[in-house]
Amino acid sequence: MNLNNVQRRRIASHKIAENKGFSLVEVIIATVVMVILCVGTLTVFTHAVRINRGNNLRAQAQTVLQQEAEYYRSLKFLPIGSSPDLNGGTYNNIRTRTTPDGRAFYVSVVIDNDPYTAGVQTGSEATCKFKEIKITVVPVIAETGWLADLKTNLVLQRVRAN
């Protein structure tokens, strides 16, 4: 039985046509691999967004701390005529500061007239020559998770001018 060239070509092209494309099993395996890769990538992005949110909140708190530090540095600390805002004591939530993007923070201040003695010393304003000022900033709207107890502190020291 002799096949002519035309018949041979038809048989060869028919075999090639049968081998084109993917089987259903190959498509399902490829889909499962792609889903696994996508879930892993999305998990990494979710984690990165949470970390960036926390860093953004800390940066905003540091901005508020910088404003408060500049305020307390600008107050007069003299033998006579010191600013009453520098009187020793603990002042919880004395003011609320808002960042440019609308986030509000409570500001608490502890002013110690003698930081070398245990506790907060509030007396002897006239003879006090050295003060330690601790400023704490807390978000007004509490966050959840690892940012729930975010308190940002700054300690600065002032020496009385002569």
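Before reading further, recall that the structure is shown in the block above.
Below you will find a few notes about this structure. (Residues numbered from 1 in each chain as written. Predicted model: local features only at pLDDT ≥ 70, side-chain atom pairs only at ≥ 80, totals over all residues. Heavy atoms only, no water.)

### Focus on the overall build of the protein chain
Assigned secondary structure in the protein chain consists of 2 helices and 4 strands. Ordered by position in the sequence, the α and β elements of the protein chain form the string α-α-β-β-β-β. Burial statistics for the protein chain: of 162 residues in total, 23% are counted as buried. Long-range contacts, defined here as pairs at least 24 residues apart, represent 57% of the contacts in the protein chain between residues at least 6 apart. Here the protein chain has roughly 11400 Å² of accessible surface; of this, 59% comes from carbon and sulfur atoms. (Helix = DSSP H or I, 4+ residues; strand = E, 2+ residues; numbered from the N terminus. Buried < 20%, exposed > 50% of the residue type's maximum accessible area, 1.4 Å probe, protein only. Contact = heavy atoms within 4.5 Å. Areas by Shrake-Rupley, 256 points an atom, 1.4 Å probe, with all protein chains shown as cover.)

### Section: the pattern of salt bridges
Summed over the entire model, instances satisfying the criterion amount to 5 salt bridges. The salt bridge involving R97 is made with E68; its shortest N-O contact spans 2.5 Å. With R97 in strand β1 (residues 89-98) and E68 in helix α2 (residues 24-74), this pair connects stretches of sequence that are 29 residues apart. In this structure R97 comes out as partly exposed when scored by relative accessible area, which is 23%. (Salt bridge = Lys/Arg side-chain N within 4 Å of Asp/Glu carboxyl O.)

### Quick word on the pairing of β1
Looking at chain direction, β1 and strand β2 (residues 104-112) are connected through 7 bridges and run antiparallel. Bridge assignment links R97 to a residue of β2, and that residue is F105. Turn length for the β1-β2 hairpin, with the two strands adjacent in sequence and antiparallel, is 5 residues, and the turn residue G102 shows positive phi of about 100 degrees. (Pairing = 2+ DSSP bridges.)

### Focus on the environment of W146
Mapped onto the elements of the fold, W146 is located in the loop between β3 (130-139) and β4 (152-159). Overall, W146 belongs to the partly exposed group, its relative accessible area being 44%. On a C-alpha basis, the gap between W146 and I51 in space is 9.8 Å, while along the polypeptide they are 95 residues apart. Excluding residues that lie within four positions of it along the chain, W146 makes contacts with R50, I51, G54 and R58.

### Notes on the nonpolar core
Counting residues in hydrophobic clusters, the biggest one holds 20 residues, and the most contacted among them are Y72, L86, F105, V109, I133, I135 and V137. Of all the secondary-structure elements, those providing two or more residues to this core are α2, β2 and β3. If one sorts the elements of this core by residue count, α2 sits on top with 6 residues. Once you skip the residues sitting within four places of it in the chain, Y72 turns out to touch D85, L86, I94, R95, V109, I111, I133, I135 and R158. (Core = buried A, V, L, I, M, F, W, Y, C linked by side-chain atoms within 4.5 Å.)

### Observations regarding the packing of aromatic side chains
In total, this model carries 2 aromatic pairs according to the counting rule given. Considering the side-chain rings of Y71 and Y72, the 5.1 Å spacing of their centres and the 80 degrees angle between planes classify their relative orientation as edge-to-face. The exposure class of Y72 is buried, given its relative accessible area of 3%. With a centroid separation of 5.9 Å and 10 degrees between ring planes, the pair formed by Y116 and F130 is classed as stacked. Of the two residues, Y116 sits in the loop between β2 and β3 while F130 sits in strand β3, which places them 14 residues apart along the sequence. Here R95 stacks its cationic end above the ring of Y71, 5.0 Å away from the centre of that ring. (Phe/Tyr/Trp six-rings, centres within 6.5 Å; stacked < 30°, edge-to-face > 60°. Lys NZ or Arg CZ within 6 Å of the ring centre and 35° of its normal.)

### Details of unusual backbone geometry
Although it is not a glycine, N93 adopts a positive phi angle of roughly 50 degrees. Mapped onto the secondary structure, N93 falls in strand β1. Residue classification places N93 among the partly exposed positions, given a relative accessible area of 44%.

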